[in-house]
Amino acid sequence: MVTTPAGEEPADLLVLATPAAPTSRLLADLAPDAADELAQIGYASVALVTFAFRADDPGVAEALEIGASGFLVPPVDGRRVKASTFSFAKWDWVRAAGDGLLVLRTSLGRFGEEATLQVPDDELVRASLADLAAATGLRAAPVDAVVQRWGGGLPQYWVGHADRVARIRSAVAAVPGLAVCGASYDGVGIPATIASAHAATAALLT
Ligand SMILES: Cc1cc2nc3c(=O)[nH]c(=O)nc-3n(C[C@H](O)[C@H](O)[C@H](O)COP(=O)(O)OP(=O)(O)OC[C@H]3O[C@@H](n4cnc5c(N)ncnc54)[C@H](O)[C@@H]3O)c2cc1C
């Protein structure tokens, strides 16, 4: 029998799908070895800026309709933008819904550089447009831009992460009826997080 830390709801089976830090706190008494390992997993904060450009504005098609779904920027380039997803090119439904607008997003914020995000939204928009211009030649003004902030949104996998995850799972498995899943373990992409949820429930149910 597993009991939640608050003690209110006893449960036979429990899957913790929370990020590493809260999972660590929740397991501090129940599985202290797992809690210690989870506390070592760092997270990067991220800001996304979503832009809409008019497809028939001068220079837009030449800069953006290049048969790519976006680009990545290595840290060595010293840019604020670390990636851009050309959503209009990646997903047909985005292009169709855009009705003449090309929607794309930039991603800013590398691990340990939270201070670069602690600026007004306008500054992130300006930095994104400057880096988009440098990468693609795009000079057109967007029709609109929206900034979304994801503080502590992306777990970072250090060298040895797989071994750490194995130790976490081993410590968690020692508590009958308990499992963990989510982006902290086997991959940060949505397919990997879903797979980790399937694996966690399968482990408990077999
Ligand atoms: C900006 C950004 C863009 C991304 N883009 C993509 C992409 O294009 N494609 C892709 O595949 N992946 C993308 N990812 C990665 C992917 O979205 C995430 O890694 C994934 O959604 C994480 O899922 P999760 O269930 O592990 O965590 P989350 O979705 O973060 O769920 C954790 C849940 O735990 C809850 N919680 C936290 N603390 C507690 C607590 N103490 N008690 C109870 N509940 C708690 C939270 O409220 C949340 O609901 C992106 C991530 C970010 C941050």
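Below you will find a few notes about this structure. (Residues numbered from 1 in each chain as written. Predicted model: local features only at pLDDT ≥ 70, side-chain atom pairs only at ≥ 80, totals over all residues. Heavy atoms only, no water.)

## What to know about the overall build of the protein
For the protein, the count of helices and strands is eight helices and nine strands. Here the C-alpha radius of gyration of the protein, 21 Å, is well above what a compact globule of 206 residues would show, namely 17 Å. Burial analysis of the protein (206 residues in total) assigns 38% to the buried set. The contacts of the protein with a sequence gap of at least 6 include a subset with a gap of at least 24, amounting to 67%. For the protein, the exposed surface amounts to about 11,200 Å²; the carbon and sulfur share of it is 57%. Here the protein carries 15 positive and 23 negative side-chain charges, and the mean point of each set is 6 Å from the other. (Helix = DSSP H or I, 4+ residues; strand = E, 2+ residues; numbered from the N terminus. Rg over C-alpha atoms; globule rule 2.2 N^0.38 Å. Buried < 20%, exposed > 50% of the residue type's maximum accessible area, 1.4 Å probe, protein only. Contact = heavy atoms within 4.5 Å. Areas by Shrake-Rupley, 256 points an atom, 1.4 Å probe, with all protein chains shown as cover. Lys, Arg positive; Asp, Glu negative; His and termini not counted. Charge placed at Lys NZ, Arg CZ, Asp CG, Glu CD.)

## Considering the nonpolar core
In a soluble, globular protein the nonpolar side chains are often hidden away together inside. Counting residues in each nonpolar core, the largest one holds 21 residues, and the members touching the most others are F53, L64, L104 and L138. Filtering out sequence-adjacent residues up to four positions away, L104 remains in contact with V49, T50, F51, F53, L64, S84, T85, F86, S87, F88 and L132. Core analysis: the next-biggest nonpolar cluster, separate from the first, contains 18 residues, L27, I41, V165 and I168 among them. (Core = buried A, V, L, I, M, F, W, Y, C linked by side-chain atoms within 4.5 Å.)

## A short note on the site of the ligand
Around the ligand, 17 residues are found, and the nearest of them are R105, G182, A183, V188 and I190. Between A183 and the ligand, the recorded distance is 2.8 Å, taken from a backbone N or O atom to an oxygen atom. One nitrogen or oxygen atom from the main chain of V188 is found 2.5 Å from an oxygen atom belonging to the ligand. If the ligand stood free it would expose 1,000 Å²; the protein chains cover 51% of that surface. (Near = heavy atom within 4 Å. Polar contact = N/O pair within 3.5 Å; in protein donor to acceptor, adjacent residues only side chain to side chain.)

## Here we look at the packing of aromatic side chains
Counted by the stated rule, this structure contains four aromatic pairs. Each ring, one from F86 and one from F88, has its centre 5.7 Å from the other, and the planes form 15 degrees; the classification is stacked. Among the residues examined, F86 registers a relative accessible area of 1% and is labelled buried. Judged by its relative accessible area of 1%, F88 falls in the buried class. A centroid spacing of 4.9 Å and a plane angle of 70 degrees characterise the contact between F111 and W158, whose relative ring orientation is edge-to-face. (Phe/Tyr/Trp six-rings, centres within 6.5 Å; stacked < 30°, edge-to-face > 60°.)

## Topic: the pairing of strand 4 (residues 43-54)
Across the 12 residues of strand 4, 10 count as buried, placing the element largely inside the fold. Relative to strand 8 (residues 144-155), strand 4 runs antiparallel, the two sharing nine bridges. Looking across to strand 8, one finds that A47 is bridged to R149. Relative to strand 7 (residues 101-108), strand 4 runs antiparallel, the two being bridged by eight bridges. Paired with A52 across the bridge in strand 7 is V103. (Pairing = 2+ DSSP bridges.)

## Some words on helix 6 (residues 121-136)
Taking 1.5 Å per residue as the helical rise, helix 6 with its 16 residues ought to reach 22 Å, and the 22 Å between its terminal C-alpha atoms agrees with that figure. Taken residue by residue, helix 6 has L124, V125, A127, S128, D131, L132, A133 and T136 as its buried positions. Where helix 6 is buried, its residues touch strand 4, helix 3 (60-64), strand 5 (70-72), strand 6 (81-85), strand 7 and strand 8. Once helix 6 finishes, G137 follows within two positions and takes phi at roughly 85 degrees, a positive value. (Expected span 1.5 Å × (residues − 1).)

## Examining the sheet that holds strand 8
If you trace the five strands from one edge of the open sheet to the other, you get 5-6-7-4-8, paired in antiparallel fashion. Single-partner strands in this sheet number two, and they are strand 5 and strand 8. When strand polarity is set aside, the average angle formed by the axes of neighbouring strands in this sheet is 25 degrees. Bridge count for strand 5 against strand 6 is three bridges, and the pairing is antiparallel. Among the inter-strand pairings, L72 is bridged to a residue of strand 6, identified as A83. (Axes fitted to C-alpha atoms, helices over the stretch in contact; angles between N-to-C directions.)

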